Amino acid sequence: MQTLAAIEQGFATRRSRPPDIPGAVEDVLGDASLAETPAAGAARALAAAVQAEGAFRPELPYHNRHHVAEAVMAMGLLCALARLGGLLDAPMSTLGVVAMVGHDRGHDGSPPGDGRLERLAAELTRPVLAAAGLGAAESLVVTDVILATDPACVAINAARAAGCVPADPRGHGFDLLCQLANEADVFASLLPSRGWRMGAALAAEWRMGGHARAEAVASFSGRLGFLRLYRRFSPPAESLGLSRLVGQQVAAFAWGAASPEEGAAALDRMPRPAAHRRYMDALDAIQEAP
C-alpha cells in the first residue's frame, strides 16, 4: 500500500508536468477489473473532453486540470481499497472515477454555495456520458455522485455511508461512493504540505473574483475549519491513515494554546513565515512522538 507521504510526493511530481487527465484515467484503468467495465469508455471520453476544454481557457489557480487529475487518482486509490475490503464492486468503482473526471466541469472559480456548481458540472457531463453509450441508470449514478461533491453534503454523506441515517435506495455501495468522492475531491488538500499550497491556490482563485472570504480561506483558522469538516472517514481512508494524519494536523494547532482554535487564532496574529514554522514544528513533534 502506498504511504500518504509517497502519494503527496506523487502529486507534486505530476504537477511538475503539464496536466494530464487522460493519463490519470489510464493509470486508474490499469487495473484490468476496471478497464473491462461498461463505464471505462465513458471515463476515457469524458477525460478527453475535460482535458481539451482546459486548453482553451486560462487555468484557475485551484480548480484546474491538475486538481481533476489528482481527484481521479485519489478516487481510484480509495475505490481499490474499498474493493479489497469487499465494500464496492468494479462497475461502481469505475462510475466513481467517471464522476471525479466531470465533477468540476464549468467551474468559474467562485466559492461553493447551494449546489450551483455541482449542478452545472452534472448538466455538462450528461451529454458526454450519453454519447459514450453509458446506460441511463449508470449515468444517473455518475451525476448524483457529482452532485454529492457539494461540500455541504460531506457530513450527511459520511453519516449515510456509516449507516447512521437511512441509506439511499441504491444501497450502501452508492452511499460509500459519495463519501469517497468527498474525500477524493479534497485528498490533496488534506495532506500536510500540499494542503497549505492548495489553500493558497484557493485563496488566489477567490481573490480573482473579489470574494470576501478569500483571505480567510488561507489563514490558520481557515485551514483548521477545513480540517474540522472531515470528522468521519471512510474505511479505505482510515486504512490509509488519513484520519490519523488529519487528527495530527488539528492537534498541532494547539501548539501550547488552550485549544486548536485559540492556537490557530494566535498563529494568524503572527508574521506568516514564523507562524508556519511554529505550526510545522509542532506537527513534526506530534508525528515523531512514540
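So, a few notes on the structure that sits alongside this text. (Residues numbered from 1 in each chain as written. Predicted model: local features only at pLDDT ≥ 70, side-chain atom pairs only at ≥ 80, totals over all residues. Heavy atoms only, no water.)

### Remarks on the overall build of the protein
Part 1 of the argument: On a plain count of helices and strands, the protein comes out with 17 helices and 0 strands.
Part 2 of the argument: For 290 residues, the compact-globule formula gives about 19 Å, and the C-alpha radius of gyration of the protein, at 19 Å, lands near that figure.
Part 3 of the argument: The dimensions of the protein, computed from C-alpha atoms along their principal axes, are 55 × 40 × 35 Å.
Part 4 of the argument: Counting the 290 residues in the protein, one finds 51% classified as buried. (Helix = DSSP H or I, 4+ residues; strand = E, 2+ residues; numbered from the N terminus. Rg over C-alpha atoms; globule rule 2.2 N^0.38 Å. Buried < 20%, exposed > 50% of the residue type's maximum accessible area, 1.4 Å probe, protein only.)

### Points about the environment of G76
Part 1 of the argument: Counting through the fold element by element, G76 comes out in helix α5 (residues 65-84).
Part 2 of the argument: For G76, a relative accessible area of 11% translates into the label buried.
Part 3 of the argument: Residues G76 and A5 lie 71 residues apart in sequence; the distance between their C-alpha atoms is 17 Å.

### Some thoughts on the packing of helix α6 (residues 90-102) against helix α10 (residues 172-185)
Part 1 of the argument: Closest axis-to-axis distance for the α6/α10 pair is 10 Å, and the angle between their directions is 35 degrees. The crossing of α6 and α10 is right-handed. Mapping the contact onto sequence places M92, G96 and M100 in α6 and G173, F174, L177, A181, A184 and D185 in α10.
Part 2 of the argument: When its residues are assigned to classes, the contact of α6 with α10 shows 6 nonpolar, 2 polar and 1 charged. (Axes fitted to C-alpha atoms, helices over the stretch in contact; angles between N-to-C directions. Left-handed = near helix turned anticlockwise from the far one by under 90°. Contact = heavy atoms within 4.5 Å. Nonpolar A, V, L, I, M, F, W, Y, C, P; charged D, E, K, R; others polar.)

### Overview of the state of the cysteines
Part 1 of the argument: Tallied over the full model, the rule gives 0 disulfides.
Part 2 of the argument: Among the cysteines around C79, which has no disulfide bond, C178 carries the closest sulfur, lying 11 Å off.
Part 3 of the argument: In this structure C79 comes out as buried when scored by relative accessible area, which is 1%.
Part 4 of the argument: With no disulfide of its own, C153 lies 8.4 Å from the sulfur of C178, the closest cysteine sulfur. (Disulfide = S-S within 2.5 Å.)

### Description of the packing of aromatic side chains
Part 1 of the argument: Taken as a whole and assessed by the stated rule, the structure comprises 6 aromatic pairs.
Part 2 of the argument: The interplanar angle of 75 degrees and the centroid separation of 5.5 Å between the aromatic rings of W196 and Y279 together place this pair among those described as edge-to-face. Here W196 is found in helix α11 (residues 194-208), whereas its partner Y279 is found in helix α17 (residues 272-288), with 83 residues between them in sequence. This pair shows no difference in class: W196 is buried, exactly as Y279 is.
Part 3 of the argument: With a centroid separation of 6.5 Å and an interplanar angle of 35 degrees, the aromatic rings of Y230 and F233 are classed as tilted. With respect to burial, Y230 and F233 carry one shared label: buried.
Part 4 of the argument: Through successive ring pairs, a cluster of aromatic residues spans W196, F220, F253 and Y279.
Part 5 of the argument: For the cation-ring pair, R170 lies above F174, with the distance from its terminal atom to the ring centre recorded as 3.9 Å.
Part 6 of the argument: For the cation-ring pair, R223 lies above W196, with the distance from its terminal atom to the ring centre recorded as 5.4 Å. (Phe/Tyr/Trp six-rings, centres within 6.5 Å; stacked < 30°, edge-to-face > 60°. Lys NZ or Arg CZ within 6 Å of the ring centre and 35° of its normal.)

### Observations regarding the nonpolar core
Part 1 of the argument: In this structure, V72, M75, F187, F253 and Y279 are the most contacted members of the largest nonpolar core, which totals 86 residues.
Part 2 of the argument: It is α5 that provides the largest number of residues to this core, a total of 11 residues.
Part 3 of the argument: Residues in contact with F253, not counting those within four places in the same chain, are W196, F220, R223, L224, L227, S259, P260, G263, A264, L267 and Y279. (Core = buried A, V, L, I, M, F, W, Y, C linked by side-chain atoms within 4.5 Å.)

### Here we look at the packing of helix α2 (residues 21-28) against helix α4 (residues 40-54)
Part 1 of the argument: The interhelical angle for the contact between α2 and α4, taken along N-to-C directions, is 160 degrees, at an axis separation of 8 Å. Here α4 runs roughly antiparallel to α2, going by the angle between their axes. Pair α2 / α4 crosses with right-handed handedness. Where α2 abuts α4, its residues I21, P22, V25 and E26 lie against A43, R44, A47, A48, V50 and Q51.
Part 2 of the argument: Its residues assigned to classes, the contact of α2 with α4 shows 7 nonpolar, 1 polar and 2 charged. (Parallel < 35°, antiparallel > 145°, perpendicular 65-115°, else oblique.)

### Some remarks on the environment of E36
Part 1 of the argument: Of note, E36 is situated in the loop between α3 (32-35) and α4.
Part 2 of the argument: Classification of E36 as exposed rests on a relative accessible area of 68%.
Part 3 of the argument: For the pair E36 and A90, spaced 54 residues apart in sequence, the C-alpha to C-alpha distance is 8.9 Å.

### Side note on unusual backbone geometry
Part 1 of the argument: Positive phi, normally seen in glycine, also occurs at D114, with a value near 55 degrees.
Part 2 of the argument: On the secondary structure map, D114 appears in the loop between α6 and α7 (116-131).
Part 3 of the argument: Overall, D114 belongs to the exposed group, its relative accessible area being 61%.

### A few points about the pattern of salt bridges
Note on pairing: side chains with opposite charge can pair once their charged atoms come close.
Part 1 of the argument: Overall, the coordinates contain 12 salt bridges when judged by the stated rule.
Part 2 of the argument: We note a salt bridge from R119 to D114, for which the minimum N-O separation is 3.8 Å.
Part 3 of the argument: Judged by relative accessible area, which is 40%, R119 ranks as partly exposed.
Part 4 of the argument: Of the charged contacts, one joins E261 and R228 as a salt bridge, the two residues approaching to 2.9 Å between their closest N and O atoms. On the criterion of sequence distance, the pair formed by E261 in helix α16 (residues 260-268) and R228 in helix α13 (residues 220-228) is long-range, its members being 33 residues apart. (Salt bridge = Lys/Arg side-chain N within 4 Å of Asp/Glu carboxyl O.)

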